[in-house]
Amino acid sequence: MLFYSFFKTLIGQQVTVELKNDLAITGILTSVDQFLNIKLDEIRAVDEAKYPHMMAVKNCFIRGSVVRYVQLPASAVDTALLQDAARREAQQPTTGGAH
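So, a few notes on the structure that sits alongside this text. A quick note: this is a predicted structure, and the numbers were derived from the prediction, not measured.

About the criteria used
Residues numbered from 1 in each chain as written. Predicted model: local features only at pLDDT ≥ 70, side-chain atom pairs only at ≥ 80, totals over all residues. Heavy atoms only, no water. 1 Å grid on protein atoms, 1.4 Å probe; cavity = no way out; pocket = protein on both sides within 12 Å on 5 of 7 lines; lining within 4 Å. Points joined across faces, edges and corners; volume = space filled by probe spheres on them. Helix = DSSP H or I, 4+ residues; strand = E, 2+ residues; numbered from the N terminus. Nonpolar A, V, L, I, M, F, W, Y, C, P; charged D, E, K, R; others polar. Pairing = 2+ DSSP bridges.

Here the largest pocket defines a volume of roughly 240 Å³. Lining the largest pocket are 13 residues, with L2, F6, L81, L82 and A85 positioned closest to its centre. At the level of secondary structure, the elements contributing two or more residues to the lining of the largest pocket comprise α1 (2-9) and α2 (79-91). Ranked by residues supplied to the lining of the largest pocket, first place goes to α2 with five residues. Taken together, the residues of the lining of the largest pocket break down into seven nonpolar, three polar and three charged.

Below, the discussion takes up the pairing of strand β2 (residues 24-32). Sheet topology places strand β1 (residues 14-19) next to β2; five bridges connect them, and they run antiparallel. Within β2, the residue paired with T16 across the bridge is T26. Turn length for the β1-β2 hairpin, with the two strands adjacent in sequence and antiparallel, is four residues, and the turn residue D22 shows positive phi of about 75°. Between β2 and strand β3 (residues 38-45), which follow one another and run antiparallel, lie five residues, and L36 among them has a positive phi close to 65°.

Laid out in structure tokens, this is it:
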């Protein structure tokens, strides 16, 4: 849940999402869910010459399983807060799981 919580704090920020098929899309993050599905507005392909058909698209929904990377603005990342949240999550007892 750490990544989900983190991405929720980025709503309204410009991000670049690189997909597993090598398409990279830059846009404003408008929503994210627990499966890390991403919705972007005001999108554009990073390589518009290679993907000219994407110029007509203004927003998109990206299934989390096809995302390779998400590039974030450095100013949007509070590393101290992330490290603290990761420590707290690691200390929480797990329920269920493998035997």
